[in-house]
Each structure stands twice: as structure tokens, then as C-alpha cells.
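# Structural characterization, general
Each chain, written out:
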Amino acid sequence: MAYVYDTTNIFARILRGEIPNRTVLETEHALAFRDIAPKAPDHVLVIPKGPYVTYDHFCAEASEAEIVDFTRAVAAVVKLIGAEAHSGAKGFRAITNAGENGVQEVPHFHLHILAGRCIGPMVVTD
Ligand code: AMP
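Rules used throughout
- Residues numbered from 1 in each chain as written.
- Predicted model: local features only at pLDDT ≥ 70, side-chain atom pairs only at ≥ 80, totals over all residues.
- Heavy atoms only, no water.
- Salt bridge = Lys/Arg side-chain N within 4 Å of Asp/Glu carboxyl O.
- Buried < 20%, exposed > 50% of the residue type's maximum accessible area, 1.4 Å probe, protein only.
- Helix = DSSP H or I, 4+ residues; strand = E, 2+ residues; numbered from the N terminus.
- Expected span 1.5 Å × (residues − 1).
- Near = heavy atom within 4 Å.
- Polar contact = N/O pair within 3.5 Å; in protein donor to acceptor, adjacent residues only side chain to side chain.
- Areas by Shrake-Rupley, 256 points an atom, 1.4 Å probe, with all protein chains shown as cover.
- 1 Å grid on protein atoms, 1.4 Å probe; cavity = no way out; pocket = protein on both sides within 12 Å on 5 of 7 lines; lining within 4 Å.
- Sits in = over half its atoms within 2 Å of the grid points.
- Points joined across faces, edges and corners; volume = space filled by probe spheres on them.
- Nonpolar A, V, L, I, M, F, W, Y, C, P; charged D, E, K, R; others polar.

Time to look at the pattern of salt bridges. A side chain with one charge can pair with a side chain of the opposite charge if their charged atoms come near. Evaluation of the coordinates by the stated rule reveals four salt bridges. In this structure, E18 engages R13 in a salt bridge whose closest nitrogen and oxygen atoms are separated by 3.2 Å. Overall, E18 belongs to the partly exposed group, its relative accessible area being 43%. Take R13: its relative accessible area is 34%, and that puts it in the partly exposed class. Connected through salt bridges with shared partners, the residues R13, R16 and E18 form a single ionic network.

Written out as C-alpha cells, the structure reads:
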């Protein structure tokens, strides 16, 4: 079954300029902004401007231009917040949640970039 994109989701509204955001970077096909409820000193969300629900949806259906632009935007954000994993900077964690098991709240693909402290174990096990 195909992905169905909900145009009323909060990130779609941010992209339409209906809701303010703390922009870190904007490119032709991507927007990066600070998470409203940060889980680390630096918590940036990178989203494509296109209507993709999840990461796999984006990977399967985005154009090469969108994929390259998004990927380069991630690198630029990591550099902007000083979170590269070299040259004395301490690195980051990138997370994307998809669907029910991934506990995705906002149905517009987004990559969380968490940095500024040690992020701890990858997942909490039962
Ligand atoms: P996820 O559970 O992966 O879908 O994450 C959704 C994220 O969006 C959460 O970390 C929220 O804090 C964040 N969020 C929700 N609304 C906004 C908003 N208006 N601006 C910035 N971040 C938001």
C-alpha cells in the first residue's frame, strides 16, 4: 500500500510558514530547525521540503536532487552546530522514527540530530 501524506501535519504547516520555527539552515529541498522540546543541548530536525512520510518513503521516492540536497544539509547542520566527530568536536547521534513501532509522532520524515552531550545507550531495552 502506498504512503499517504497528511498535509495538515505540523511540519507541513512549518514549511508553509503557518507556524514559526527556529531555522538553522534552509536549502532548496530541505529545512533544518531546532526541536521545540530538545532532548540534548543541540537538537535539530532536518526535513525534506517534499511530502515524504518516513525515511524509507523518502529513500524510495525522492528524486536524486532531493536526496543529495538533504544529505548535504545534514552535513552542513552537523558542521554549523560544531558536532563533527573529528577535529576535537565530540560527535552526534542521528535518529529517525518511522511508524507505530518507531514511535513516530509527526508524519513528515525528519532526522533528529542530537549533540552537545553524550547521548547514552542507543535504545532502552526492556
Ligand atoms: P518524532 O517522535 O520522531 O515524530 O519526533 C517529533 C519531534 O517533533 C519531537 O521531538 C517534537 O518535540 C518535535 N516537534 C513537534 N512540534 C514541533 C514544532 N512546532 N517545532 C519544532 N519541533 C517540534
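Having seen it, we continue.
Right, let's talk about helix α3 (residues 64-80) for a bit. Between its first and last C-alpha, α3 extends 24 Å over 17 residues, near the 24 Å set by a 1.5 Å rise per residue. Just downstream of α3 lies G82, where phi reads positive at about 70°.

Here we take up the site of the ligand. Around the ligand lies a shell of 16 residues, among which D35, N97, E105, H110 and H112 are the nearest. One of the side-chain nitrogen or oxygen atoms of D35 is found 2.5 Å away from an oxygen atom of the ligand. Here the ligand loses 89% of its free accessible area of 510 Å² to cover by the protein chains. More than half of the atoms belonging to the ligand lie within 2 Å of the grid points that define the largest pocket. Put simply, the parts of the chain that give the shell around the ligand at least two residues each are α1 (10-15) and β2 (30-34).

Moving on, we get to the layout of surface pockets. Considering only enclosed or pocket space, the largest pocket measures out at about 900 Å³ in volume. Considering the residues around the largest pocket, the lining is formed by 34 residues, among which D35, K39, H43, L45 and H112 are closest to the centre. Put simply, the parts of the chain that give the lining of the largest pocket at least two residues each are α1, β2, β3 (42-48), β4 (92-95) and β5 (111-115). Per-class residue counts for the lining of the largest pocket are 21 nonpolar, six polar and seven charged. K90, G91, A115, G116 and R117 are, among the 14 residues lining the second largest pocket, the residues nearest its centre. Among the residues forming the lining of the second largest pocket, the class breakdown is six nonpolar, four polar and four charged.

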